[in-house]
Amino acid sequence: MASNTISLPLRILHLEDSVADHELAHLTLRRAGIAHTLHRVDTLDAFRDSLCQEPFDAILADYNLPGFTALDAWALISGQAGQPPFILLSGAIGEVAAVDAMRLGIADYVLKDQMARLPHVIARAREVHEARMTREQAVRELARSQQRLAELTEHLQNSIEQERAAISREIHDDIG
């Protein structure tokens, strides 16, 4: 059975100061058969501007950049709702720093000398992100449903009390 869905290319923002490393990431994704657009920026201002201009499906970030780190970029978006998965792609990050970054909420990390892992890491980070977004949506819908149920219960209770008062008045009038 043929699927009628059209797979759009992944829109990936790449925070990277090395053009060669950017091209290597692009080539790795292309060889893995992942349709994508890879937009490279190398400053925090360009990073912020790119995020304001269009939505991205994932963010790849080198850890050490001239004058700042990926953690500075993460701090810009970490509080925003629905931010895309943020993946460190670095050759100069130790395991301790990577684990600390993941504790802050960064989705994952890939060492540049293990670039072949990149397609798998992006796919897994997107799956986790989509599951988290679905869960958050379900929690919001549950809260709205509970609010509506509380309002309905209150309305029902008010209706019962009004009906009791009306019946009491009728009985009082009939007896009087």
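Quick notes on the rules
- Residues numbered from 1 in each chain as written.
- Predicted model: local features only at pLDDT ≥ 70, side-chain atom pairs only at ≥ 80, totals over all residues.
- Heavy atoms only, no water.
- Helix = DSSP H or I, 4+ residues; strand = E, 2+ residues; numbered from the N terminus.
- Rg over C-alpha atoms; globule rule 2.2 N^0.38 Å.
- Buried < 20%, exposed > 50% of the residue type's maximum accessible area, 1.4 Å probe, protein only.
- Contact = heavy atoms within 4.5 Å.
- Areas by Shrake-Rupley, 256 points an atom, 1.4 Å probe, with all protein chains shown as cover.
- Lys, Arg positive; Asp, Glu negative; His and termini not counted.
- Charge placed at Lys NZ, Arg CZ, Asp CG, Glu CD.
- Patch = residues over 30% accessible without salt bridge, like charges linked within 9 Å, V, L, I, M, F, W, Y side chains within 5 Å.
- Salt bridge = Lys/Arg side-chain N within 4 Å of Asp/Glu carboxyl O.
- 1 Å grid on protein atoms, 1.4 Å probe; cavity = no way out; pocket = protein on both sides within 12 Å on 5 of 7 lines; lining within 4 Å.
- Points joined across faces, edges and corners; volume = space filled by probe spheres on them.
- Right-handed = clockwise from strand over helix to strand, strands pointing away.
- Core = buried A, V, L, I, M, F, W, Y, C linked by side-chain atoms within 4.5 Å.

Caption draft 1: How the structure looks around the overall build of the protein. Looking only at helices and strands, one finds five helices and seven strands in the protein. Rg of the C-alpha trace for the protein: 26 Å, well past the compact-globule value of 16 Å for 176 residues, more than 25% over. With the principal axes as the frame, the protein shows a C-alpha extent of 95 × 50 × 30 Å. Burial analysis of the protein (176 residues in total) assigns 30% to the buried set. Taking the intrachain contacts of the protein between residues at least 6 apart in sequence as the baseline, contacts between residues at least 24 apart amount to 66%. With an accessible surface of roughly 11,400 Å², the protein has 54% of that area assigned to carbon and sulfur atoms. Counting 17 positive and 26 negative side-chain charges, the protein places the averaged centre of each group 5 Å from the other.

Caption draft 2: Just a nonpolar patch on the surface, in detail. Residues Ile167, Ile171 and Ile175 make up a contiguous nonpolar surface patch of about 310 Å² in total accessible area. Positionally, Ile167 belongs in helix α5 (residues 118-175). With relative accessibility at 41%, the residue Ile167 sits in the partly exposed group.

Caption draft 3: Focus on the layout of surface pockets. Space inside the largest pocket adds up to approximately 240 Å³. When its volume is computed, the second largest pocket comes out at roughly 170 Å³. Lining the second largest pocket are Arg48, Leu51, Cys52, Glu54, Pro55, Phe56, Leu76, Ile77, Gln80, Gly82, Gln83 and Pro84. Within the residue set of the lining of the second largest pocket, elements represented by two or more residues are α2 (44-53) and α3 (70-77).

Caption draft 4: The arrangement of the pairing of strand β1 (residues 10-15) in detail. For β1, the tally of buried residues reaches five of six residues, placing the bulk of the element in the interior. This β-α-β element, β1 to helix α1 (residues 19-31) to strand β2 (residues 36-41), shows right-handed connectivity.

Caption draft 5: Expanded view of the nonpolar core. Counting 21 residues, the largest nonpolar core has Leu15, Phe47, Phe86 and Leu88 as its most contacted members. Those elements that provide at least two residues to this core are β1, β3 (58-61), α3, β6 (86-90) and α4 (95-104). The dominant element in this core, judged by the number of residues it contributes, is α3, at four residues. Each residue touching Phe47, except ones within four places of it in the same chain, is listed here: Leu13, Leu15, Val41, Ile59, Ala73, Leu76, Ile77 and Phe86. Leu10, Leu38, Ile87 and Ala125 belong to the second-largest nonpolar core, a separate cluster that totals 15 residues.

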